[in-house]
Amino acid sequence: MLTRLKAKSERKLAKQICKVVLDHFEKQYSKELGDAWNTVRDILISPSCWQYAILLNRFNYSFELEKDLHLKGYHTLFQGSLPYYPKSMKCYLSRTPDRMPSERHQIGILKKYYLLNAASLLPVLALELRDGEKVLDLCSAPGGKSIALLQCAYPGYLHCNEHDSLRLRWLRQTLESFIPQPLVKVIKVSELDGREMGDAQPEMFDKVLVDAPCSNDRSWLFSSDSQKAACRISQRRNLPVLQVELLRSAIKALRPGGLLVYSTCTLSKAENQDVISEILNSYTNIMPVDIKEMARTCSQDFTFAPTGQECGLLVIPDKGKAWGPMYVAKLKKSWTT
């Protein structure tokens, strides 16, 4: 009976896959990823295989919840020794596609955990946030990476920016659900076009995260409106232009000596490696930071595709490691121009 129900729900989900998007991805990613694309595609089109990590909220820590996760066979992420991994960040994974229910938003009550794609923590950890630093999350909604940053350290100032007004509401609610009142004082939320941030706040930040708008491969595959999907695909070639502009703005906002992390949730080389190559080729004061060690340390929990870049990693979904897609690149602004 259960098997029949599962098969029925999988058929139902399969019907919702947008053929226009899948055909487009098939053409592009079979070239870019080679044989690996077959496995990646099978996972992306099968939500029953997707996994969800549980990031504990240190501002409303529950010993009972952590004990329960251990009993259910969850293990902590990054059991290897990453160069930067704060003890205050606790993230649990299940080796099976088990999903905890999301907690309801209740005014005045902090949530105990945040559900996320575990690969989303890689850009946060690559940023190496320390207590007292000024940090900018340029494209912040829905707020998961800002929440994760606050599990790592107590910044002197956290600027969460989101240009889209609907997503901004979502961001505000996320922050309200996870962050205690005293810490809210060091957080600023704004609705600026990210391309203008550099001019508005030049050399203001020690660390900048650009989790850029991109072809969100997972959600695009399940577009219910095929006309809208076709329109998205035709406009897709414009995304790298926006991503480069956001990075240029982020570089202006970053102080000399500061670190910048760029991330997307797409497999697309045009939006990942090519964007970073364009930035590195057009600045003499922006240096790549080698993050290969991160891939070596995390290989137990993630599968990485080669990027041809020492400063860039690409997590691809794999059997039993259904995380990603997630591209992460790390750059440093030097003192000379």
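Residues numbered from 1 in each chain as written. Predicted model: local features only at pLDDT ≥ 70, side-chain atom pairs only at ≥ 80, totals over all residues. Heavy atoms only, no water.

Per an unreviewed UniProt entry, the chain goes by the name tRNA (Cytosine(34)-C(5))-methyltransferase, mitochondrial isoform X1 and belongs to Callorhinus ursinus. Entered under Subcellular location (unreviewed entry) in the UniProt record, the comment concerning the chain runs "Mitochondrion". We quote the UniProt Sequence similarities (unreviewed entry) comment for the chain here in full: "Belongs to the class I-like SAM-binding methyltransferase superfamily. RsmB/NOP family." (UniProt positions renumbered as here; feature names shortened; annotations may be inferred.)

> Please explain the overall build of the chain as it appears in this structure.
Looking only at helices and strands, one finds 14 helices and 13 strands in the chain. In terms of overall dimensions, the chain is globule-like: its C-alpha atoms have a radius of gyration of 20 Å, near the 20 Å expected for 337 residues. Once the C-alpha set of the chain is aligned to its principal axes, its extents read approximately 65 × 50 × 40 Å. Buried positions account for 53% of the 337 residues belonging to the chain. Put simply, 75% of the contacts in the chain that link residues at least 6 apart link residues at least 24 apart. (Helix = DSSP H or I, 4+ residues; strand = E, 2+ residues; numbered from the N terminus. Rg over C-alpha atoms; globule rule 2.2 N^0.38 Å. Buried < 20%, exposed > 50% of the residue type's maximum accessible area, 1.4 Å probe, protein only. Contact = heavy atoms within 4.5 Å.)

> Is there a simple way to explain the nonpolar core in this structure?
Side chains of nonpolar character tend, in soluble globular proteins, to be buried together. Of all hydrophobic cores here, the largest spans 51 residues; its most connected members are Leu55, Phe78, Leu121, Ile179 and Phe302. Filtering out sequence-adjacent residues up to four positions away, Phe78 remains in contact with Tyr85, Leu121, Leu122, Leu125, Cys298, Asp301 and Phe302. Counting 50 residues, the second-largest nonpolar core is a separate cluster that includes Tyr157, Leu267, Ile286 and Ala322. (Core = buried A, V, L, I, M, F, W, Y, C linked by side-chain atoms within 4.5 Å.)

> Can you walk me through the pairing of strand E12 (residues 312-315) in this structure?
As a general feature of sheets, a regular strand has side chains that alternate between the two faces. The side-chain alternation of E12 yields two buried faces, one formed by Gly312 and Leu314 and the other by Leu313 and Val315. In terms of strand pairing, strand E11 (residues 304-305) meets E12 through two bridges, oriented antiparallel. When the sheet's bridge partners are listed, Ala305 is paired in E12 with Leu314. The sheet contact formed by E12 and strand E13 (residues 326-333) spans four bridges and is antiparallel. Bridge pairing links Gly312 to Ala329 in E13. (Pairing = 2+ DSSP bridges.)

> Would you mind showing me how to read the packing of aromatic side chains here?
Any two aromatic rings considered together are summarised by their centre-to-centre distance and by the angle between their planes. Across all of its chains, the model carries eight aromatic pairs by this definition. Ring centres 6.3 Å apart and planes at 70 degrees place the aromatic pair Tyr262 and Tyr327 in the edge-to-face group. Of this pair, Tyr262 sits in strand E9 (residues 254-264) while Tyr327 is found in strand E13, placing the two residues 65 residues apart along the sequence. Judged by relative accessible area, which is 0%, Tyr327 ranks as buried. Aromatic ring contacts, followed pair by pair, group Phe25, Tyr29 and Trp37 into a single cluster. Here the guanidinium or amino end of Arg218 rests over the ring plane of Trp50, the centre of that ring lying 4.6 Å away. (Phe/Tyr/Trp six-rings, centres within 6.5 Å; stacked < 30°, edge-to-face > 60°. Lys NZ or Arg CZ within 6 Å of the ring centre and 35° of its normal.)

> So what exactly am I meant to see when it comes to the environment of Trp220 here?
Along the polypeptide, Trp220 turns up in helix H10 (residues 217-220). Through-space distance from the C-alpha of Trp220 to that of Arg232 is 8.7 Å; in sequence the pair is twelve residues apart. In contact with Trp220, not counting residues within four places along its chain, are Cys18, Val21, Phe25, Cys214, Ser215, Arg232, Arg236 and Leu239.

> What should I look at first to understand the sheet that holds strand E2 (residues 75-76) in this one?
Whenever strands of a sheet pair, they do so through backbone hydrogen bonds, lying parallel or antiparallel. Reading across the sheet, the four strands line up as E2-E3-E1-E4 and stay open at both edges, with antiparallel pairing between neighbours. Of all the strands in the sheet, just E2 and strand E4 (113-116) have a single pairing partner and so form its edges. The pairing of strand E1 (residues 53-56) with E4 spans four bridges and is classified as antiparallel. Each bridged residue has a counterpart across the sheet, and for Leu56 the counterpart in E4 is Tyr113.

> Quick question: what am I supposed to make of the pattern of salt bridges here?
On inspection of all chains with the given rule, the structure shows 21 salt bridges. Taking the shortest distance from any N to any O, the salt bridge between Lys333 and Glu203 comes out at 3.8 Å. Taken together, the positions of Lys333 in strand E13 and Glu203 in the loop between helix H9 (197-200) and strand E8 (205-211) put the pair 130 residues apart, joining distant regions of the chain. For Lys333, a relative accessible area of 6% puts it in the buried group. The class of Glu203 is partly exposed, set by a relative accessible area of 47%. The partner of Asp206 in a salt bridge is Arg255, and the shortest N-O contact between them spans 2.5 Å. With a gap of 49 residues between them, Asp206 in strand E8 and Arg255 in strand E9 connect regions that are remote in the sequence. Relative accessible area serves as the criterion here: at 16%, Asp206 is assigned to the buried category. One salt-bridge network, in which partners are shared between bridges, spans Glu26, Arg41 and Asp42. (Salt bridge = Lys/Arg side-chain N within 4 Å of Asp/Glu carboxyl O.)

> Is there a simple way to explain the confidence of the model for the chain in this structure?
Low-pLDDT stretches of the model should not have their predicted coordinates read in fine detail. Per-residue confidence for the chain gives a mean pLDDT of 92, with 95% of residues at or over 70. In this model, residues 1-6 is a region of pLDDT below 50 whose contacts with residues beyond four sequence positions or in other chains number zero contacts. Segment residues 8-14 is flagged for pLDDT under 50; beyond a separation of four residues in sequence, or across chains, it makes three contacts in the model. (pLDDT = per-residue confidence, 0-100.)

> Would you mind going over the side chain of Arg218 with me for this structure?
Locating Arg218 in the fold gives a position in helix H10. Buried and without a salt bridge, Arg218 has Asp217 as its closest oppositely charged side chain, separated by 8.6 Å. Separated by 2.5 Å, the side chain of Arg218 and the backbone oxygen of Ala322 make a polar contact. A distance of 2.7 Å separates a polar atom in the side chain of Arg218 from the backbone oxygen of Gly324. Once residues within four sequence positions are removed from consideration, Arg218 is found in contact with Leu44, Trp50, Asn117, Pro317, Ala322, Trp323, Gly324 and Pro325. (Lys, Arg positive; Asp, Glu negative; His and termini not counted. Polar contact = N/O pair within 3.5 Å; in protein donor to acceptor, adjacent residues only side chain to side chain.)

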